[in-house]
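In case you want the letters, here they are:
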Amino acid sequence: MQHPQPAFSPSAPDLIDPASKALQSVLDRLAPTDATVLIVGETGTGKEVVARYLHHNSLRRARPFLAVNCGALTESLAESELFGHEKGAFTGAASGHQGWFEAAGGGTLLLDEIGELSLSLQVKLLRVLQEREVTRVGSRKAIKVDVRVIAATHVDLANAIRERRFREDLYYRLNVAAVTLPPLRQRPGDIPLLAGHFMRLYARRLGRPEPRLAAQALDMLLQYSWPGNVRELENTLHNAVLLSKGSLIMPQQLRLDEHIGDIDSSHDRDLEQFIHRQLRSEPARLFDRMVTTLVKSALELNDGNQMQTAALLGISRNTLRTHLAHIGLVKPRRRDAATGGRGGNSVILAPEREIRIGYQKYGNLGIVKARQSLEQLFAAQGVSVLWSEFPAGPQLLHALGNDEIDFGTTGEVPPIFAQAQGSSLVYIAYEPAAPQSVAMVVSPDSPIRSGADLKGKRIAVNKGSNVHYLLIQILEEHGLSMDDVRIVYAPPKYPLTHTDTTSVDAWMMWDPLLSDAQLSGHMRVVADGTHLVLNQQFYLARRQFAEKDADMLRQIIQLLQQTGRYITASPAEAAHYLSIELGLPPASLQCALARCSHETRAIDAHVIREQQKIADRFYALGLIPKAISIRKAVWLPDPPCDINAGTRSRRA
């Protein structure tokens, strides 16, 4: 959720490296203009922060700043997301929808990773930039848009043009003014100041005294090549503050020695030179060493998450697991004898049993992950546990529907959207209502005092989430509908920057970010879910997995029940675990945990009825394309699950 903060970020220190000073001078000349800007830089250099700086120092600062990652847009939905669609334009288009260009009206739109757009979309984008108008999918009516466009990429667009992956005419349209961000290794003078800034930031958030860098630790920071740039520096210092038990951060707490030790310590650290040297000295071992180092480094960057590591390396998870088994980081798959080949016997690999879990760094499942309880439970059974983190329920349910995970937890609304889209999921268990854990928040000086003040206002909400339903309820309570407000569909984000709070009038937020925003005084609650929504949490699984691995599900649910009792008995200790995972102050986590029950229960008839009410309401409002039956998606294990035996008679 954090962005790198170079010299041109208002909240970062005034940096001194000549490269940063020169860059800020260029930005200060470009900011007041409406010129289209192309930002080029390596991953982690802070391209979005530069775009926000340009917006914040322009005449458009009071209007929205929106950022869309072009690389994350699927081919089938990209045009609709960028330019909007009309009701009925395609299956599932139950209502009209603004695209990013319309939503950013009067403000600035950042097209991040512009080099990832398909050629067909590049043609349409070129026309929008030329004509300054968009045509929604399913419509023939052009809509004028007043938007400053900033594009960003880490791709060499000149090379992409030569390879015919990027249109030359679009490149010249975007490249009115170009800004190249220098990598961190080219501005070493900024490293000490940025390091101090990040240590202060995370010490304050964790409620700890600000640590200092030992002289050897600072030397290590200055010698390291920072392939991940400012983002990697921030993550390194965040981790160091978490691990630090004293007032001084030592080199071993930076965890950079393994990156530095394997590669020649010359100042340029040029990979090609290193490979040439190694090929001359010990060519037989080089390939294995390179692959081992690459896999270990990627696994560490992703905190042991195998699915994300495989995606980072551009290989399949099965290929990754083969490498991990080869270097001894996971157990090799079991070998069974089989007949085949020329001489009779050969061996085949029997698939290792595993469970893929989607989680958010909060709640019972977040504690289970932090304490490694599931790994301990399944260790003797030869079951591999694979974790994948998701920012919110809609993204987790998308992974569940695409067979990327087997089990996960989310709120009451995302499963309804997923079922309406044909996802084969089953409800396994739930945790009781926590209405105060969701709320609409505004900046402290906002004139909005209640839902009655929302007409015509811009509201940021994560589509298909529990807070989406809360917004509908708040509006209805005051005689308003979704047509009376301007919705900006935005992913979960905190802390909110100045441009975030000025680009919309209100944010829909949930715990633990909600508690942290309240306790810090950065946001004010207009209305929470009390008397409006239940905000229950559901544990869900793929139907095929539930049918095949019911024994594993029973053990997981029993572990979640034990974890719930642990949280209730030891809230401060549980908050400490989550604080390390989330980087939020323990006080915020304790506040969030106190607002909800952690008792994992079996699905019963009452819960089914309440969930069905929400599904019927969404269908009546046209938010989902078809009616669904919650009862048909409830897991009925055989033999019965032992959770909450007293409620078993009420099971559907």
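These numbers were taken from a predicted model, which means no experiment stands behind them.

(A) Here's a closer look at the sheet that holds strand β7 (residues 177-180). Strand order across the open sheet formed by five strands is β2-β3-β6-β1-β7, with parallel pairing between neighbours. The sheet is open, and its two edges are formed by β2 (65-69) and β7, each paired on a single side. Direction aside, the axes of adjacent strands within the sheet are offset by 20° on average. Summarising the sheet, strand β1 (residues 37-40) and β7 pair through four bridges and their orientation is parallel. Note on β7: the bridge partner recorded for V40 is T180.

(B) View of the nonpolar core. Counting residues in hydrophobic clusters, the biggest one holds 59 residues, and the most contacted among them are L82, F101, L109, L111, I114, L125 and F166. Ranked by residue count, the leading element in this core is helix α5 (residues 119-131), at five residues. In contact with L125, other than residues within four places in its own chain, are F83, F101, L111, I114, L117 and L170. Formed by 52 residues, the second largest nonpolar core is a distinct cluster that contains A418, A420, M440 and W510.

(C) Structural context of the packing of aromatic side chains. What the rule picks out here adds up to nine aromatic pairs. Relative to W387, the ring of Y359 has its centre 5.3 Å away and its plane inclined at 80°; by these criteria the two rings are edge-to-face. On the criterion of sequence distance, the pair formed by Y359 in strand β12 (residues 354-359) and W387 in strand β13 (residues 384-389) is long-range, its members being 28 residues apart. Ring pairs connect the aromatic residues F417, Y469 and F618, which therefore count as one cluster. Cation over ring: R371 sits above Y566, and NZ or CZ is 3.8 Å from the ring centre.

(D) Just the environment of L312, in detail. By the secondary structure assignment, L312 is in helix α15 (residues 306-313). Relative accessible area serves as the criterion here: at 52%, L312 is assigned to the exposed category. For the pair L312 and A298, spaced 14 residues apart in sequence, the C-alpha separation works out to 7.1 Å.

(E) Here's a closer look at the pairing of strand β6 (residues 148-153). In terms of residue burial, β6 counts as a mostly covered element, since six of its six residues are buried. Bridging between β1 and β6 involves four bridges; their strand directions are parallel. Paired with V40 across the strands is T153, a residue of β6.

Here is what the cut-offs are and how they apply
- Residues numbered from 1 in each chain as written.
- Predicted model: local features only at pLDDT ≥ 70, side-chain atom pairs only at ≥ 80, totals over all residues.
- Heavy atoms only, no water.
- Pairing = 2+ DSSP bridges.
- Helix = DSSP H or I, 4+ residues; strand = E, 2+ residues; numbered from the N terminus.
- Axes fitted to C-alpha atoms, helices over the stretch in contact; angles between N-to-C directions.
- Core = buried A, V, L, I, M, F, W, Y, C linked by side-chain atoms within 4.5 Å.
- Buried < 20%, exposed > 50% of the residue type's maximum accessible area, 1.4 Å probe, protein only.
- Contact = heavy atoms within 4.5 Å.
- Phe/Tyr/Trp six-rings, centres within 6.5 Å; stacked < 30°, edge-to-face > 60°.
- Lys NZ or Arg CZ within 6 Å of the ring centre and 35° of its normal.

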